[in-house]
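# Results of the structural survey
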Amino acid sequence: GVTLLWGWRRTLVVAAAGALAALAQAPFHVFPVLWVSFPVLVWALDGAVELKKTGTLARLGPAFRVGWAFGTGWFLAGLWWIAAAFTVDLAQFGWMIPFALAFLSLGLGLFHGLATVIARLMWTDGPSRIVALAVGFFLADWLRGHVLTGFPWNLVGYGLAANDPMMQVASLVGGYGLTLLAVPIFAAPALLARATPADRRFFAATAALFVAVVGFGVIRLATTPTEFVPGVRFRIVQPAIDQWKKWKPEFKTETVERYAELSAGPAHDAAAAGALASDLRPGLTAGTMTPERGRGRLPAGITHLVWPESAFPFLLTDEPWALSTIAELLGDRATLLTGAVRVEMPSAGEDRPHWYNSIYALGAGAEVLAAYDKVHLVPFGEYLPFQDYAERLGLRQLTHLRGGFTPGPRLRTLETPGTPPFSALVCYEVIFPGEVVDPARRPDWMLNVTNDAWYGMTPGPWQHFHQARLRAVEEGLPLVRAANNGVSAAVDPLGRVVARLTLGAVGALDFDLPRPISGTVASRAGETTAWVLASIGLAGVLYRRRNQSRK
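One structure accompanies this document, and this report is about it.

Conventions used here
Residues numbered from 1 in each chain as written. Predicted model: local features only at pLDDT ≥ 70, side-chain atom pairs only at ≥ 80, totals over all residues. Heavy atoms only, no water. Helix = DSSP H or I, 4+ residues; strand = E, 2+ residues; numbered from the N terminus. Expected span 1.5 Å × (residues − 1). Buried < 20%, exposed > 50% of the residue type's maximum accessible area, 1.4 Å probe, protein only. Pairing = 2+ DSSP bridges. Contact = heavy atoms within 4.5 Å. Axes fitted to C-alpha atoms, helices over the stretch in contact; angles between N-to-C directions. Salt bridge = Lys/Arg side-chain N within 4 Å of Asp/Glu carboxyl O. Polar contact = N/O pair within 3.5 Å; in protein donor to acceptor, adjacent residues only side chain to side chain. Phe/Tyr/Trp six-rings, centres within 6.5 Å; stacked < 30°, edge-to-face > 60°. Lys NZ or Arg CZ within 6 Å of the ring centre and 35° of its normal. Parallel < 35°, antiparallel > 145°, perpendicular 65-115°, else oblique. Left-handed = near helix turned anticlockwise from the far one by under 90°. Nonpolar A, V, L, I, M, F, W, Y, C, P; charged D, E, K, R; others polar. Core = buried A, V, L, I, M, F, W, Y, C linked by side-chain atoms within 4.5 Å.

### Notes on helix H11 (residues 252–264)
Two residues of an α-helix separated by three or four positions point the same way, owing to the 3.6 residues in each turn. Here H11 contains 13 residues, and its C-alpha end-to-end distance of 18 Å stays within 8% of the 18 Å for a straight helix at 1.5 Å per residue. The buried fraction of H11 amounts to 10 of the 13 residues, a majority that puts the element mostly inside the structure. Of all the positions in H11, only Thr 253, Glu 254, Thr 255, Val 256, Glu 257, Arg 258, Tyr 259, Ala 260, Leu 262 and Ser 263 are classed as buried.

### A few points about the sheet that holds strand E10 (residues 488–491)
If you walk across this open sheet you meet the 6 strands as E6-E7-E8-E9-E10-E11, and the pairing is mixed. In this open sheet, the two edge strands, each paired with only one partner strand, are strand E6 (413–414) and strand E11 (497–501). Pairing analysis gives 3 bridges linking strand E9 (residues 479–483) to E10, with the strands arranged antiparallel. Residue pairing in the sheet places Val 480 in a bridge with Ala 490 of E10. Helix H15 (residues 459–475) rests against strand E8 (445–450), E9, E10 and E11 of the sheet, and its axis sits at about 160° to E9.

### What to know about the pattern of salt bridges
Note on pairing: side chains with opposite charge can pair once their charged atoms come close. Scanning the entire structure with this criterion turns up 15 salt bridges. Arg 235 is paired through a salt bridge with Asp 510; the nearest N and O atoms lie 2.7 Å apart. Here Arg 235, found in strand E1 (residues 228–238), pairs with Asp 510, found in strand E12 (residues 507–514); they are 275 residues apart in sequence, far enough to count as distant. A single burial state applies to Arg 235 and to Asp 510, both of which are buried. Where salt bridges share partners, they join Arg 342, Glu 344 and Asp 373 into one cluster.

### Quick notes on the environment of Asp 438
Of note, Asp 438 is situated in the loop between strand E7 (422–426) and E8. A C-alpha to C-alpha distance of 5.7 Å links Asp 438 and Arg 412, two positions 26 residues apart in sequence. Dropping the residues within four chain positions of it, Asp 438 is found in contact with Arg 410, Leu 411 and Thr 413. Polar contacts involving the side chain of Asp 438 include one to the side chain of Arg 410, which spans 3.5 Å.

### Examining the packing of aromatic side chains
Under the criterion given, the structure shown has 25 aromatic pairs. Each residue in the set Trp 81, Phe 151, Trp 153, Tyr 428, Phe 432 and Tyr 455 is aromatic and connected to the rest through ring pairs, giving one cluster. The cationic tip of Arg 10 hangs over the ring face of Trp 6; the distance from NZ or CZ to the ring centre is 4.9 Å. Over the aromatic face of Phe 251 sits the side chain of Lys 245, whose NZ or CZ is 5.9 Å from the ring centroid.

### Side note on the packing of helix H2 (residues 34–46) against helix H3 (residues 56–79)
Where H2 contacts H3, the axes come no closer than 9 Å and their chain directions differ by 160°. When the axis of H2 is compared with that of H3, the two are roughly antiparallel. Taken as a pair, H2 and H3 cross one another with a handedness that is right-handed. Contacts from Leu 34, Ser 37, Phe 38, Leu 41, Ala 44 and Leu 45 of H2 reach H3 at Ala 63, Val 66, Phe 70 and Trp 74. The residue inventory of the contact of H2 with H3, partitioned by class, reads 9 nonpolar, 1 polar and no charged.

### Describing the nonpolar core
By size, the foremost hydrophobic cluster in this structure holds 126 residues, and its most contacted members are Phe 38 and Leu 133. With residues up to four places along the chain from it excluded, the contact list for Leu 133 reads Phe 38, Leu 41, Val 42, Leu 45, Thr 116, Ala 119, Trp 123 and Val 183. Residues Tyr 259, Trp 307, Ile 326 and Ala 340 belong to the second largest nonpolar core, which totals 28 residues.

Without other data, these values stay purely geometric and don't point to any function.
The structure is reproduced here in structure tokens:
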């Protein structure tokens, strides 16, 4: 079987198992594949021994290569869609696609290699090796979310959050804690190959754990109805502007016109709004419209309007005609929350301005009421690691912005008229477990603006949306999400979708703001619960290994 495989055959089988496991992630959510992939990984680790060399590093080499192959398959199959971003400017960036995918998959795969090394250090013949593997993956996923700027995308535990009932356990253990539960549940069938009494008892325990996870979710959903804040009604606009046009100043009037038309027009039925932007409005053509055309007011009852990340191909505060259009649209009763680029001129001794990927809140007269600057920037998209040196080599991030964006100082809770305080999150800031609210001032809801048009009609935007829903579950806070081409939605504090515009749709989505629930265990304890469980598991494994070594 898999345990006896060697060399390239073992590498290929394990990489294929990792690739298969990617089907457990959004939008497929075929989580039963994990009951195949993780047993293959366990059996491969059973045979990952070095017979000739005796040094510690040499003995761990086969286990590392097994985990690295599994992780490379996992990330290549789960993140291939990132290549779509390089096709927006194919002439300049197209040549980077194979290198970017290889670098990303092999690089992130190192974390899975670390997971299997940690597990192999505590490996035994019995069920405790499954716990060792869970601890290893928990530590690796946590490190992936924190090393450098962090990239906790498609955590292993998200396979255990495939639907509304399953994801509710995140309210207890958080995003990283999901990994700690998922690995034993999905790796336990490996024990049935030998099936000693201890193996059967452990398998039964993991089966009971899975039933408990689902049961907890079903009960929580059934006993916690969605409630709404009176007098607060939102409209999200999803314009689906093509990415190659989005940053071109010659389309600035057409861009504002598009937002104004959708904002002032009728709401679209989320269930029926499936038309692609090219089918609905093929015309964003330079120079054919004026800022005065299509002006209007928000429909009666709308108190808050939301536009997505970096909504404008210009500096909003430098364009009086655009502010005038917004002021007329809002009247004296509504607030606009929109993504926009913000700039601060260089101070003494600096040779370049500071650019920020921001959220503005604009009120009557288009007055800026509040602003937030994105803290977690996207590597290679919004900045280059070692920016100055990379630019000297002629490299640029995908935004073509010299010097890259500057990160904001910290997460902030914002307040605007007529709505409870909220946490502002730009793009993939929403994927960081335990890092989406200001702990010093807890908000009542979360706002996420994003532009996933970089990735087209691929799994990427769906994965992003699923992870955003999990933050709502963890924090017990509703989420309002505006995306350029989808997925825009309102999500209640249990992750249930209240309203949604699907990927590629064009339209406006109206809904009432859901209420938060009392703080969850995960929101109050942070990562503590997961670390306590990991410590207990680690102690049990070490105790078992010590007893085995005495025999």
